[in-house]
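# Structural overview for review
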Amino acid sequence: MTIVAALAYTGAVLAMAAGLTKLVNPRGAVTAMRAMLLPSSSTLVRAGAVAELTCGALVLAWGSWLPRLLLAFAYVGFAIFSLAVLRSEREVPCGCFGPGGATPGWRHVSLDVVLAIALVAFGARRLPSALGLVRESAPLGVATVAVVAVASLLAATFLSGSETARAGRDDA
């Protein structure tokens, strides 16, 4: 497993977790989008959540470049949204994982950009999907799942921090 693959798998798991959360409760994302004067509704957010969940699942299950590229585009969109929030200087919850959460800051932008780059690089290198990796080598697959689970939890925790996210805005 390469670092690029681990980051791509982590991006897929985060997308699935965020998509599932928004599918169940779209309120946080609707609030964030409305605060930035973007079109928003529960239906629109849920449709995006299904796309996020589907792309994440396909990145993990299918060895094609297409879902990797689509998820990379989603992360670029998330980074652009976070940059727009930073420029606006509004207190807007990110809506990544449901209601509440931190105001998007540089930590959101940096993680979104890193994951987008990893997904593009992962697609270009034609590395196996997570499912393919488990099929090829069960011990390596299990180790990969463990690493990605921990990385995803750490990334979600990193994104949900509010004090340092705010401090990150003032440093720019």
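Here is a short report on the structure shown in this document. (Residues numbered from 1 in each chain as written. Predicted model: local features only at pLDDT ≥ 70, side-chain atom pairs only at ≥ 80, totals over all residues. Heavy atoms only, no water.)

### Remarks on the packing of aromatic side chains
This structure, assessed with the given rule, holds two aromatic pairs. Centroid distance Tyr9 to Phe122: 5.3 Å. Interplanar angle 85 degrees. Geometry classified as edge-to-face. Of this pair, Tyr9 sits in helix α1 (residues 3–24) while Phe122 sits in helix α5 (residues 106–125), and the two are 113 residues apart along the sequence. The burial state of Tyr9 is the same as that of Phe122; both residues are buried. Centroid distance Tyr75 to Phe78: 5.6 Å. Interplanar angle 90 degrees. Geometry classified as edge-to-face. (Phe/Tyr/Trp six-rings, centres within 6.5 Å; stacked < 30°, edge-to-face > 60°. Helix = DSSP H or I, 4+ residues; strand = E, 2+ residues; numbered from the N terminus. Buried < 20%, exposed > 50% of the residue type's maximum accessible area, 1.4 Å probe, protein only.)

### So, the environment of Phe122
The class of Phe122 is buried, set by a relative accessible area of 0%. Residues Phe122 and Gly63, spaced 59 residues apart in sequence, show a C-alpha to C-alpha distance of 9.7 Å.

In short, shape yes, function no, at least from these values alone.
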